[in-house]
Amino acid sequence: MKKKQIMSVLLCGVMAVTTFAATGVSAQAADKKELTYWSMWNSTENQAKVIQEAADAYEEATGIHVNIEWKGRDVKTMIGAALDAGEAIDLFDDDFQRVVEQDGKYLVDLTEMAAAADYEKHIMPVLLDQAKKWGDDKLLVMPYQPYTTGVWYNKDLWEEAGLTDEDVPETWDELVAACKKIKEGGSGLNPMTCDSDFVNLLYGFQLARYVGQDKVMDIINNCEWADVPEAKKAAEEIQSLFSEGYMSEYAPANGTDGQSEIGYGESIMVLQASWVPNEIIQTTGTEVNWGFFPWPAVEGGTDGIEGSMVGSQGFGIVAKSEMQQEAFDFALSVCTGEYDLKMAESVNSIPADTDNTQWPAAILGAEPFFKNVTKSYMWAVGFQTNADYKEIIQEHLINLATQKETPDEFIEALAAAKK
Amino acid sequence: MKKNKTMIICFTLPATIVFLVMFLYPVIRTAMMSFFTMASVSDSMSTWEFVGLANYAELLKTSIFMTAMKNMLMIWLIGGIGVIFFALLFAVILTNGVRAKSFWRAIIYLPNIISAVAFANMWIYYIFQKRFGMIHNIFATLGLDKLARTDYMNGDMKFWSLLIAFSFGSVGYFMLIFLSGIERLPQDYYEAATIDGANKLQQFFHITLPLLKGVFKTILTFWTVSVVGFFVWSQMWSPVNSESQTITPVVYMYNIVFGNTGMSERMPGKGAAVGILMALVVLLIFFLVNRLFREDDLEF
Amino acid sequence: MAKKEKEKKVREPFNAKREAKLIPGYILLIIWVAFTVCALLWIVAASFSTSPEIMKGQTLKFASGLHPENYAAAWSSNNIKVFFMNSAIYAVLGTFFTILISAPCSYVLARFTFLGNKVLSSSFIVAMSIPQIMIVLPLFGLATKAHLTGTKIILILLYIGMQVPFTTTFLMTFFANLSRTYEEAAAIDGCSPMKTFWKIMMPLAQPGIVTVGIFNFMNIWNEYFISLIFGATEKNMSVGPGLKSVLTSMQYTGNWGGLFAAVIIVFLPTFIIYVVLSEKIIAGVTGGGIKG
């Protein structure tokens, strides 16, 4: 009987799977001292590999197993609900601002533990200041893998287009001049490129250069777009990059297609955070000779090149955890010393520990400027902070970039959108 | 008969429990939650704060939620017309004696068995790719440079590309439902009509369509349920941050209940209100459909 | 014409005039099918290609040869094997227990009149059209209270629950169509009603059970929303959210060939089942459709 066979095969399958699932369940019941860490990485990423190494080393040294749940970026959406629900999590990581501002209420103040370990001097001052500011003078987060933001360019293409170090811009006018020179130079290269998720960086930087970070937040929160003439001016200028043909004809591109153009030798500059050189190398397989300059200053602006979107990932340690000190020690091993350096090398990122002074070659160009960053901007100058408003800003930014809206219409639309 | 009683109880009990725990209890609780505010989904009821209709009022004032509603209704209406048109068309073609019927049917249904995430990748990285994609290449080959330059993943086009990709995959499913509906129609109607000299087209409009009323009802209900649950496609089209072209009510709910990128508070009460509004939408459409296709005719 | 309609049912002789009428239909079918097939073949091609080739639109040239190692990379380092096994566990157990719960219930609902029969069977029909968004929040609350979040068990339970209304409704028609003489004969032989069900009626309903089982299997395999919310950790993710997480990390690790290989791996089981059993699956859709 064929049917009977099917049925018995099915049953066998079910039983096999049941035992499999059962063993999976019982395995985790093993009683051993362990830390539970919800990670923002996927286990396949290089960051994860370094963290896993650090965890193994930590286990070797202390006998405490670090149970790492690789959550990926969705950790930002899951962590709060999970902690509310009483999930046993000792530490987790995410964007360090989000850790403090969104999940701060679940976290323990690390000030004492940090003092005991003399940790604060290892944290970059600009990050420490921010973290304390958001945390009302408490230290709620342990930053690692810091980033800065600015214009990354392919030095070889830059020269191919007939430009020299003299042409590296410091002001908006010089940036436009450099773009013009590339465009008219006949090399066929696009001066700049961008991806649609990061158009907000272009406009954000330009606006913040004029009015500063605090004022930008005012504009967003109080819908003051129409009352601030610089908002329109910045819109006009950013749009001109697109309308003058200084941007790649495919910009704003989908996903990471835009930034990849640099690796493929089609475009020269992109405004992005310091993780971009590594991403481009990984995706395109091209070793690019990277140059860097901060987003230029504008005429009559509040901020100059001392302002940048600076941030990092950060560990938060859960207040309900019974192993806070252990969690702190483990996180410390990732944020400082050997594993910090390993992290920097493996993903071409900035070392978090102030004692680790050697930057990876790909982002070395940003180092001199990074030391002088005194004004730190939020990511996308805070355009993404308002849950009911961020999509609207993004929509009109794209319309601005694709010239579907004039700067006037852009400002009008943003002012009209009630929060 | 006593034996039957125990049997009835034993056999229905597990399924009844499933229904009570998985459907009835959550529906009631969601309905109640929508009139309260709370810090977290799992908070016990004693900590809830009653706010009356405030959650609903706020939602209706939130422009991004209204955008999400608008997107959903557009998908329902425009996508629905397209999907039903093609589904019916293919069903009619396939029941009119084309060869290799089951081959065509199998391929048209194929997208439904593919994980939506996998299928969406195909659309985004191949078909809609603006430099090397399939549509780009077709237009470029035809010399239609302007069309070849269309950017499907930005601005308004992003909504349409999403709509097309989602609808394309749905056609096969609804085609199958139409197919089985048409195949069940009594053949003698057609024979009589043919004898009376009615051509195929007349037969279609005067026999097939009216007789398919019940099937239409099913299809509209299923389509509504699938559009109301619109989530994964939206996530695929906007993987980093939700965007106004692709946001739908479920995405919005996911954002506010589980707290997305924004540093904002989580609002489960408001999320529950979104759920209730969605259920009302389904009910409303269900009601309208029932009015529209009254069962005064034959039923299949 | 009428005669021809009848002939068609027996065997279609070639008839130029008839076929000519169908040409527009064929053209449409060919365009639609060609489009689907081309797009799928492109994924297959991409899965054997490299990131730079995919991103530069040179997928079909295979300039650097075939790269079957993408599959090995996807299977182990992209964690697809974990997602794959999870989906298999969810789909097999979910399908099995759904049928175990639904089949007896639908049999009783189809065969006996009792107080609450109508209520229960219409409840299932209503449950089928309740949007998931309406029920996930309390379920999430329940799951966290029971400390089931982050386990595989919660997903299995939820999948069973999600499929029970459809499965019960679907199987009701099947049992209703079975002749009562079987039960009568069994009763004469002294077989108790319950035993009759397990020994006689279940095997008789097997075509329906297999159909609805395959249908459920596919649904659970490809499910996304529930798995994302309740199983949001790599070790519990099913293939849908798993693929999505591979995709997000792809931006940073850049192995697009591996991503498409992952897509193919995820797609293969359902595809193979589909090729072998497409008639059953199609029957599942239409059976449910007509009832709903």
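Residues numbered from 1 in each chain as written. Chains lettered and ligands numbered in written order. Predicted model: local features only at pLDDT ≥ 70, side-chain atom pairs only at ≥ 80, totals over all residues. Heavy atoms only, no water.

(A) Region of interest: the pairing of strand 7 (residues 267-273) of chain A. Residues and elements named next belong to chain A. When you tally the buried positions in strand 7, you get seven out of seven residues, the bulk of the element. Where strand 5 (residues 149-154) and strand 7 come together, five bridges link them in antiparallel fashion. Residue pairing for strand 7: Val-151 is matched across the bridge by Leu-271. The pairing of strand 6 (residues 190-193) with strand 7 spans three bridges and is classified as parallel. Looking at the pairing, Met-192 lines up with Met-269 of strand 7. (Buried < 20%, exposed > 50% of the residue type's maximum accessible area, 1.4 Å probe, protein only. Helix = DSSP H or I, 4+ residues; strand = E, 2+ residues; numbered from the N terminus. Pairing = 2+ DSSP bridges.)

(B) A look at the packing of helix 17 (residues 390-401) of chain A against helix 18 (residues 407-416) of chain A. All names here are of chain A. Running from N to C, helix 17 and helix 18 cross one another at 175 degrees; their axes reach a closest spacing of 10 Å. Compared by their axis directions, helix 17 and helix 18 come out roughly antiparallel. Note on element contacts: helix 18 touches helix 17 through Pro-407, Phe-410, Ala-413 and Leu-414, opposite Ile-392, Ile-393, His-396, Leu-397 and Leu-400. Tallied by class, residues from the contact of helix 17 with helix 18 come to eight nonpolar, one polar and no charged. (Axes fitted to C-alpha atoms, helices over the stretch in contact; angles between N-to-C directions. Parallel < 35°, antiparallel > 145°, perpendicular 65-115°, else oblique. Contact = heavy atoms within 4.5 Å. Nonpolar A, V, L, I, M, F, W, Y, C, P; charged D, E, K, R; others polar.)

(C) Here's a closer look at the domain arrangement of chain C. Residues and elements named next belong to chain C. Looking at the assigned domains, one finds that chain C contains domain 1 (18-70) and domain 2 (77-287). Each of domain 1 and domain 2 has a C-alpha centre, and the two are 32 Å apart. Taken together, the contact between domain 1 and domain 2 spans ten residues of the former and nine residues of the latter. Buried area between domain 1 and domain 2, both sides added, is near 780 Å², and the carbon and sulfur share of it is 79%. Counting the surface domain 1 buries against domain 2, the share from its top three residues, Ile-43, Ser-51 and Asn-70, is 46%. Inspection of the domain 1/domain 2 interface yields zero salt bridges. Joining domain 1 to domain 2, the criterion identifies zero residue pairs in polar contact (both at pLDDT 80 or more). Taken together, the elements giving at least two residues each to the side of domain 1 that touches domain 2 come down to helix 2 (16-47) and helix 3 (51-55). The greatest single-element share of the side of domain 1 that touches domain 2, amounting to five residues, is contributed by helix 2. Here the residues of the side of domain 1 that touches domain 2 are counted per class, giving six nonpolar, four polar and no charged. (Domains from an automatic or database assignment. Buried area = accessible area lost by both parts, 1.4 Å probe. Salt bridge = Lys/Arg side-chain N within 4 Å of Asp/Glu carboxyl O. Polar contact = N/O pair within 3.5 Å; in protein donor to acceptor, adjacent residues only side chain to side chain.)

(D) Up close: the pairing of strand 2 (residues 65-70) of chain A. All names here are of chain A. Of all six residues in strand 2, five are buried; the element is thus mostly enclosed. The sheet contact formed by strand 1 (residues 34-39) and strand 2 spans six bridges and is parallel. What sits directly across from Thr-36, in strand 2, is Asn-67.

(E) Structural detail: the nonpolar core. Ranked by internal contacts, the top residues of the largest apolar core, which has 350 residues, are A:Tyr203, A:Trp225 and B:Trp233. Both domains that furnish three or more residues to this core are identified here as domain 1 (18-70) and domain 2 (77-287) of chain C. Every residue in contact with A:Trp225, bar those within four places of it in the chain, is listed here: A:Tyr203, A:Leu207, A:Ile219, A:Ile220, A:Ala231, A:Phe383, A:Tyr389, A:Ile393, A:Ile411, A:Leu414 and A:Ala415. (Core = buried A, V, L, I, M, F, W, Y, C linked by side-chain atoms within 4.5 Å.)

(F) Quick peek at the interface of chain B and chain C. Every contact between the two is made by 95 residues of chain B and, on the other side, 97 residues of chain C. Each partner contributes to the roughly 8700 Å² buried at the junction of chain B and chain C, and carbon and sulfur atoms together form 80% of this total. The largest contributions to the chain B side of the interface with chain C come from B:Phe11, B:Arg99 and B:Ile113, which together make up 8% of the buried area. The interface formed by chain B and chain C holds zero salt bridges in total. The tally of links between chain B and chain C comes to nine residue pairs in polar contact (both at pLDDT 80 or more). It is helix 1 (residues 2-33) of chain B that provides the largest number of residues to the side of chain B that touches chain C, a total of 22 residues.

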